[in-house]
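Listed below are the residues making up each chain.
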Amino acid sequence: MAKIRVALIGVGNCASALVQGLQYYGRSAKDKAHIGLKNPVLGGLRPEDIEVVAAFDVDERKVGKDLSEAVLAPPNDVPRLADLASSNIVVNKGPTLDGLGEYTKKVVHVSDRQDANVALVLKENEADIVLNLLPSGATKASQWYAEESMLAGSAFVNVTPNFIASNAEWAKKYENAGLPLVGDDLIDQVGATTLHKTLLNLLSMNGVHITETYQLDVGGGTESLDTLERTRDMKRNVKTKSVESALPYPAAVVAGSTDYVDFMQNRRDSYFWIRGVYFCNVPMQMDLKLSTVDAPNAGSVLLDLIRAVKLAKDRQMKGAVLPICAYAFKHPPQLMPLETAEKLFADFIAGEA
Ligand SMILES: NC(=O)c1ccc[n+]([C@@H]2O[C@H](COP(=O)([O-])OP(=O)(O)OC[C@H]3O[C@@H](n4cnc5c(N)ncnc54)[C@H](O)[C@@H]3O)[C@@H](O)[C@H]2O)c1
């Protein structure tokens, strides 16, 4: 079976978790149980069928370095998950555009190397799939890489909360190019949004009337810093809409990131508050905290969607691929209940949707 050839745009914490995860679950670990993966095999494909073939960043501690070294370079602060051998992939310099904000400029050291011809590098390396792992504030840069990916004939996966797959114009462009497009804003494996929706769904299914609820989180990592400055409102909007969709009636809902705490590094604490009434209008409330490490929380979903996008590409699907978008992203072109999205995805993998 030919490998699934993936290019990484941004060698930050998320990319680090993915590259380390590929080693952890790769061929050499074959006899290990695939503990921690939702789908060890998906559509006949395994994590070891995935190969990173190119990578782009702007930081001088990553550009020009072997990928195995770059994924562990500061300011990345994801824990070490696997021992990485040299990959023979040298990180290319991409154009910075709006990749860095006022806050992140202080922690990312921009390399003075020349920008690579991104479309050419993607083409030469026969990248099936381009993963956009840029900071959430990188709106123009995300769109720029989406163009380059299209020029190179690669499918595009938008992990960031910028609206690309959910934007009808971009979906049309990819449809015209005959390429699959998926996004926007990845759902984590143990995601605060998913947990929040599941709790609300469970309570309302049992007749509880929710009156108000919030989910707020604090984290370290460069992405939390960028969120603090540039994308708090955008993320809050996406998460709040997604959580609201779990209730069959309107309620006061707030969901989104709140703050950056540097010493937390890549850790994230999410706080949930739910208030409602049940039998005879008797009040109930719930107060919970979830602690996770951010980047590894994306790993299992990334492995699923890379394999799913490969299937979509092989089946010559074009434009936004709804079953993958609804399964793996918080802001798909069309929001739907979690169980509906799971079913649609399972049918798609089985070749029935
Ligand atoms: N669990 C998760 O980690 C998770 C879940 C959902 C969505 N996301 C999204 O994934 C994205 C990546 O998250 P992260 O934690 O890895 O962020 P990060 O800040 O650790 O990494 C971003 C990387 O992009 C690089 N970069 C900046 N501008 C660039 C440019 N123009 N060209 C190439 N590289 C550039 C930075 O140097 C950095 O290495 C974010 O948009 C985040 O919102 C992550």
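In what follows, the structure referred to is the one given above.
The structure presented is a predicted model; accordingly, all values stated were derived computationally and were not measured.

Caption draft 1: Quick look at helix α5 (residues 168-177). Residues of α5 that are buried include every one of W170, A171 and Y174, and no others. The arc that holds every buried residue of α5, seen down its axis, measures 100°, which confines them to one face. Among the exposed residues of α5, those oriented more than 90 degrees off its buried face are A168, E169 and N176. For α5, the secondary structure elements touched by its buried residues are α4 (139-152), β5 (155-158), β6 (180-182) and β11 (319-320). At the N-terminal end of α5, a side-chain oxygen is found 2.8 Å from the backbone nitrogen of E169, two or three residues along, and the residue is N167.

Caption draft 2: Spotlight on the side chain of D77. Tracing the chain through its elements places D77 in the loop between α2 (67-70) and β3 (92-93). In this structure D77 is buried but unpaired, with R267 as the nearest side chain of opposite charge at 8.8 Å. With near-sequence residues (within four places) excluded, D77 lies in contact with N13, G221, Q265 and N266.

Caption draft 3: A look at the pattern of salt bridges. Taken as a whole and judged by the stated rule, the model has 20 salt bridges. For E147, the salt bridge identified is with K173, shortest N-O distance 2.7 Å. Of this pair, E147 sits in helix α4 while K173 sits in helix α5, and the two are 26 residues apart along the sequence. The exposure class of E147 is partly exposed, given its relative accessible area of 29%. Owing to a relative accessible area of 30%, K173 belongs among the partly exposed residues under this scheme. Connected through shared salt-bridge partners, D128, K310, K313 and D314 make up one network.

Caption draft 4: Representation of the site of the ligand. What surrounds the ligand is a group of 31 residues, the closest being C14, D57, P95, L134 and D188. Here a nitrogen atom of the ligand and a backbone polar atom of P95 are 2.7 Å apart. The fraction of the free accessible surface of the ligand (850 Å²) that becomes covered by protein chains is 97%. For the shell around the ligand, the secondary-structure elements that each account for two or more residues are α1 (13-24), β2 (50-57) and α7 (221-244). In terms of residues, the shell around the ligand owes the most to one element, α7, which gives three residues. Here the residues of the shell around the ligand sort into 15 nonpolar, eight polar and eight charged.

Caption draft 5: The arrangement of the packing of aromatic side chains in detail. Considering all chains together, one arrives at seven aromatic pairs under this definition. For the ring pair Y24 and Y25, a centre distance of 4.9 Å and an interplane angle of 70° mean the geometry is edge-to-face. Exposure remark for Y24: the relative accessible area of 35% places this residue in the partly exposed category. Under the relative-accessibility criterion, Y25 is labelled buried at 12%. Aromatic pair F156 and Y174: ring centres 6.4 Å apart, planes at 35°, arrangement tilted. Of this pair, F156 sits in strand β5 while Y174 sits in helix α5, placing them 18 residues apart in sequence. Its guanidinium or amino end placed over the ring of W170, K173 lies 4.1 Å from that ring's centre, counting from NZ or CZ. Of note, R315 hangs over the ring of F348, and the distance from its end group to the ring centre comes to 4.9 Å.

Caption draft 6: A look at the sheet that holds strand β7 (residues 209-219). One open sheet holds the four strands; their spatial order is β8-β7-β9-β10, and the pairing between them is mixed. In this open sheet, the two edge strands, each paired with only one partner strand, are β8 (252-260) and β10 (282-293). Within the sheet, the average angular offset between the axes of one strand and its neighbour, ignoring direction, is 10°. Note: strand β9 (residues 267-278) against β10, 12 bridges, orientation antiparallel. When the sheet's bridge partners are listed, Y271 is paired in β10 with K289. Across the face of the sheet, helix α6 (residues 192-205) comes into contact with β7, β8, β9 and β10 while running at roughly 165° to β7.

Caption draft 7: Region of interest: the side chain of N266. Among the secondary structure elements, N266 is positioned in the loop between β8 and β9. On the basis of relative accessibility, which here comes to 5%, the residue N266 falls in the buried class. Non-local contacts of N266, meaning those with residues more than four positions away in its chain, are made with N13, D77, V78, G221, T292, V293, D294, A295 and P296.

Caption draft 8: Just the environment of I164, in detail. Mapped onto the fold, I164 is located in the loop between β5 and α5. Here I164 falls in the buried class, since its relative accessible area comes to 0%. Distance in space between the C-alpha atoms of I164 and D184 is 6.6 Å, their sequence separation being 20 residues. If we ignore the near neighbours within four places in the chain, the residues touching I164 are S142, Q143, A146, F156, N158, W170, A171, L181 and D184.

Caption draft 9: Structural detail: unusual backbone geometry. Look at the link from P74 to P75: it is a cis peptide, with omega at 10°. Relative to the assigned elements, P75 resides in the loop between α2 and β3. Residue G183 is joined to D184 through a cis peptide bond whose omega torsion reads 0°. Relative to the assigned elements, D184 resides in the loop between β6 and α6.

So, how was this worked out
- Residues numbered from 1 in each chain as written.
- Predicted model: local features only at pLDDT ≥ 70, side-chain atom pairs only at ≥ 80, totals over all residues.
- Heavy atoms only, no water.
- Buried < 20%, exposed > 50% of the residue type's maximum accessible area, 1.4 Å probe, protein only.
- Helix = DSSP H or I, 4+ residues; strand = E, 2+ residues; numbered from the N terminus.
- Arc of directions from axis to C-beta.
- Contact = heavy atoms within 4.5 Å.
- Polar contact = N/O pair within 3.5 Å; in protein donor to acceptor, adjacent residues only side chain to side chain.
- Lys, Arg positive; Asp, Glu negative; His and termini not counted.
- Salt bridge = Lys/Arg side-chain N within 4 Å of Asp/Glu carboxyl O.
- Near = heavy atom within 4 Å.
- Areas by Shrake-Rupley, 256 points an atom, 1.4 Å probe, with all protein chains shown as cover.
- Nonpolar A, V, L, I, M, F, W, Y, C, P; charged D, E, K, R; others polar.
- Phe/Tyr/Trp six-rings, centres within 6.5 Å; stacked < 30°, edge-to-face > 60°.
- Lys NZ or Arg CZ within 6 Å of the ring centre and 35° of its normal.
- Pairing = 2+ DSSP bridges.
- Axes fitted to C-alpha atoms, helices over the stretch in contact; angles between N-to-C directions.

Note that all results are geometric; they support no functional claim without further evidence.
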